[in-house]
Protein chains: 2
Amino acid sequence: MQLYSFFFSSTSYRVRIALALKGLNYQYHAVNLRAGEQRSSAYRELNPSGSVPLLVTDEGVAISQSLAIIDYLDAIQPASRLIPRDPIARARVLEVASLIGCDIHPVNNLRVLGYLQKNLNVTDTQKSTWYQHWVEQGMEALEALLHRQGHGSYCFGDEPTLADCCLVPQVANALRMGCDLERFELTMAIYRHCLVHPAFMLADPSNQPDYIA
Amino acid sequence: MQLYSFFFSSTSYRVRIALALKGLNYQYHAVNLRAGEQRSSAYRELNPSGSVPLLVTDEGVAISQSLAIIDYLDAIQPASRLIPRDPIARARVLEVASLIGCDIHPVNNLRVLGYLQKNLNVTDTQKSTWYQHWVEQGMEALEALLHRQGHGSYCFGDEPTLADCCLVPQVANALRMGCDLERFELTMAIYRHCLVHPAFMLADPSNQPDYIA
């Protein structure tokens, strides 16, 4: 399999964690979002959305969107299951993945922050306030959901699921942007527990071939 | 089952379509987002995210996030399957659902447009340009994906899937906001084909008990 990824992209990070948890090998293709490589015609030919991550299967099928990719990986490699089979258990995992993937991440990604600066001329302070606003609102909901429904040392139980694949990159991103997340105690405990898992370490931005400090 | 919904919310609309396609009965609870009812402590007790839709199962289990809810409905009622079982076929459906659910909808929903106006003092023109920017960027990707991978009279085949449950509310929302979408010919053909399906008609905002013209 081949993965088009950017070390810094938190949606790519989710997929890298899933691949590592399942022990799947892949060829890494760096797409430098900062240099705008995702907008090149060569890349758009492969992925019309111009987004990372993109997985190309051994059969040459291209799949974009991190949640679709992880669902696919779970279908072809059921070992280390990331989305449980039981209807309620999977709803819990997908609920957390969606909360992060739809409510928190999209409003704070690179293209949106870029638009705020370039098209709406917001100041650095306004941009940072925007970022923190959506992180805090989302993290409050996440912490409440985990308190109510979570159990075990990961989000749901003692093995990582798709929820953890989404939680770690989101927390890492927010910490890098200077958010203070210590009051989200359960979220942070799960984050720290994940960080020492070998698969999460392997998937870390700093361990990618295109990493720049 | 009970559904907490707002007639105008496109994520609620997705779930109403899924429920109608599966012929599932439910009790409708209106949550008036314009009046801020989603922020009341009574509602937050039920759903810490303060978002609609929320499904409460017959067993009293509350599930938020439209994509998690529809996955759950597909698990408990496999008739009129909305997410195919085949790994590649489901990746295609989830890819389109994620493109709409993560890349288009979240940056243009009510809370984000409200923040732009209240916190960043953008003008009506700037707000409308913002809205159209993300819709056009997303619709271009959607149209390209459908051209490349879609088939049949709906997004994927001759029966509606989760992809159609997401496409219709997004197109309806964009049309209401004054976007010209005619150049997205395939997307619009699918939209119009869905609109005459009885389940899509039943789920339409104008057919909800809380509808206000």
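Residues numbered from 1 in each chain as written. Chains lettered and ligands numbered in written order. Predicted model: local features only at pLDDT ≥ 70, side-chain atom pairs only at ≥ 80, totals over all residues. Heavy atoms only, no water.

An unreviewed UniProt entry lists chain A under the name Maleylacetoacetate isomerase, with Pseudomonas izuensis as the source organism. The record held by UniProt for chain A lists under Sequence similarities (unreviewed entry) the comment "Belongs to the GST superfamily. Zeta family." (UniProt positions renumbered as here; feature names shortened; annotations may be inferred.)

Peer 1: Is there a simple way to think about the interface of chain A and chain B in this case?
Peer 2: Bring the parts together and some accessible area is lost; that lost area is often taken as the interface size. Listed as interface residues are 48 residues of chain A and, on the opposing side, 48 residues of chain B. Across the chain A/chain B interface, buried area totals approximately 4100 Å², and carbon plus sulfur atoms make up 62% of it. Three residues stand out in chain A for area buried against chain B, namely Gln-65, Arg-111 and Tyr-115 of chain A, and they jointly supply 15% of the buried area on that side. Linking chain A with chain B are 2 salt bridges, by the criterion used here. Here Asp-71 of chain A ties to Arg-90 of chain B by a salt bridge, and the two come within 2.7 Å at their closest N and O atoms. Linking chain A to chain B there are 16 residue pairs in polar contact (both at pLDDT 80 or more). Counting only elements with at least two residues in the side of chain A that touches chain B, the list comes to helix 2 (41–46), strand 4 (62–64), helix 3 (66–76), helix 4 (87–104), helix 5 (110–118) and helix 6 (124–149) of chain A. Split by residue class, the side of chain A that touches chain B holds 28 nonpolar, 11 polar and 9 charged. (Contact = heavy atoms within 4.5 Å. Buried area = accessible area lost by both parts, 1.4 Å probe. Salt bridge = Lys/Arg side-chain N within 4 Å of Asp/Glu carboxyl O. Polar contact = N/O pair within 3.5 Å; in protein donor to acceptor, adjacent residues only side chain to side chain. Helix = DSSP H or I, 4+ residues; strand = E, 2+ residues; numbered from the N terminus. Nonpolar A, V, L, I, M, F, W, Y, C, P; charged D, E, K, R; others polar.)

Peer 1: Where do I start with the packing of helix 3 of chain A against helix 4 (residues 87–104) of chain B in this structure?
Peer 2: The angle between the axes and the distance between the axes are what describe a pair of packed helices. Close contact between helix 3 of chain A and helix 4 of chain B brings their axes to 8 Å; oriented N to C, the two are set at 160 degrees. Overall, the two elements helix 3 of chain A and helix 4 of chain B adopt an arrangement that is roughly antiparallel. As for how helix 3 of chain A packs across helix 4 of chain B, the hand of that crossing is right-handed. Together, Leu-67, Ala-68, Asp-71, Tyr-72, Ala-75 and Ile-76 of chain A of helix 3 of chain A and Pro-87, Ile-88, Arg-90, Ala-91, Leu-94, Glu-95, Ser-98 and Cys-102 of chain B of helix 4 of chain B make up the contact between the two elements. A class-by-class count of the residues in the contact of helix 3 of chain A with helix 4 of chain B yields 10 nonpolar, 1 polar and 3 charged. (Axes fitted to C-alpha atoms, helices over the stretch in contact; angles between N-to-C directions. Parallel < 35°, antiparallel > 145°, perpendicular 65-115°, else oblique. Left-handed = near helix turned anticlockwise from the far one by under 90°.)

Peer 1: So what exactly am I meant to see when it comes to the packing of helix 6 of chain A against helix 5 (residues 110–120) of chain B here?
Peer 2: At their nearest, the axes of helix 6 of chain A and helix 5 of chain B sit 12 Å apart, and the two run at 140 degrees to each other. Regarding the angle of helix 6 of chain A to helix 5 of chain B, the classification is oblique. By crossing handedness, the relation of helix 6 of chain A to helix 5 of chain B is classed as right-handed. Contacts from Gln-126, Thr-129, Trp-130, His-133, Trp-134 and Gln-137 of chain A in helix 6 of chain A reach Arg-111, Val-112, Tyr-115, Leu-116 and Leu-120 of chain B in helix 5 of chain B. In the contact of helix 6 of chain A with helix 5 of chain B, the residues fall into 6 nonpolar, 4 polar and 1 charged.

Peer 1: Where do I start with the pairing of strand 2 (residues 27–30) of chain A in this structure?
Peer 2: A regular strand carries its side chains on alternate faces of the sheet. All names here are of chain A. Note that strand 1 (residues 2–5) and strand 2 share 4 bridges and pair parallel. When the sheet's bridge partners are listed, Leu-3 is paired in strand 2 with Tyr-28. In the classification by handedness, the crossover that spans strand 1, the intervening helix 1 (residues 10–21) and the parallel strand 2 is right-handed. (Pairing = 2+ DSSP bridges. Right-handed = clockwise from strand over helix to strand, strands pointing away.)

Peer 1: What am I meant to see in the relation of the copies chain A and chain B here?
Peer 2: Two copies of one chain are present, and they are related through a rotation about an axis combined with an axial shift. Note on the copies: chain A fits chain B at an RMSD of 0.0 Å, the axial shift is 0.0 Å, and the rotation between them is 180 degrees. With respect to symmetry, the two chain copies, as superposed, fit the operation of a two-fold axis. Identified as the residue of chain A closest to the rotation axis by C-alpha distance is Cys-102 of chain A, at 2.4 Å. A share of 100% of interface residues in chain A that are also interface residues in chain B marks the association as one of identical surfaces. (Least-squares fit on C-alpha atoms with pLDDT ≥ 70 in both.)

Peer 1: Is there a simple way to explain helix 6 of chain A in this structure?
Peer 2: Residues lying three or four places apart along an α-helix face the same way, a consequence of the helix completing one turn every 3.6 residues. Between its first and last C-alpha, helix 6 of chain A extends 37 Å over 26 residues, near the 38 Å set by a 1.5 Å rise per residue. For helix 6 of chain A, the complete set of buried residues consists of Trp-130, Tyr-131, Trp-134, Val-135, Gly-138, Met-139, Ala-141, Leu-142, Glu-143, Leu-145, Leu-146 and Gln-149 of chain A. (Expected span 1.5 Å × (residues − 1). Buried < 20%, exposed > 50% of the residue type's maximum accessible area, 1.4 Å probe, protein only.)

Peer 1: Please explain the nonpolar core as it appears in this structure.
Peer 2: Across soluble globular proteins, nonpolar side chains show a tendency to be buried alongside one another. Core analysis: the biggest nonpolar cluster contains 133 residues, and Trp-130 and Leu-167 of chain A together with Trp-130 and Leu-167 of chain B have the highest contact counts within it. The residues contacting Trp-130 of chain B, other than those within four sequence positions of it, are Val-112, Tyr-115, Leu-116, Leu-120 and Trp-130 of chain A together with Val-107, Asn-108, Val-112, Leu-113 and Leu-116 of chain B. (Core = buried A, V, L, I, M, F, W, Y, C linked by side-chain atoms within 4.5 Å.)

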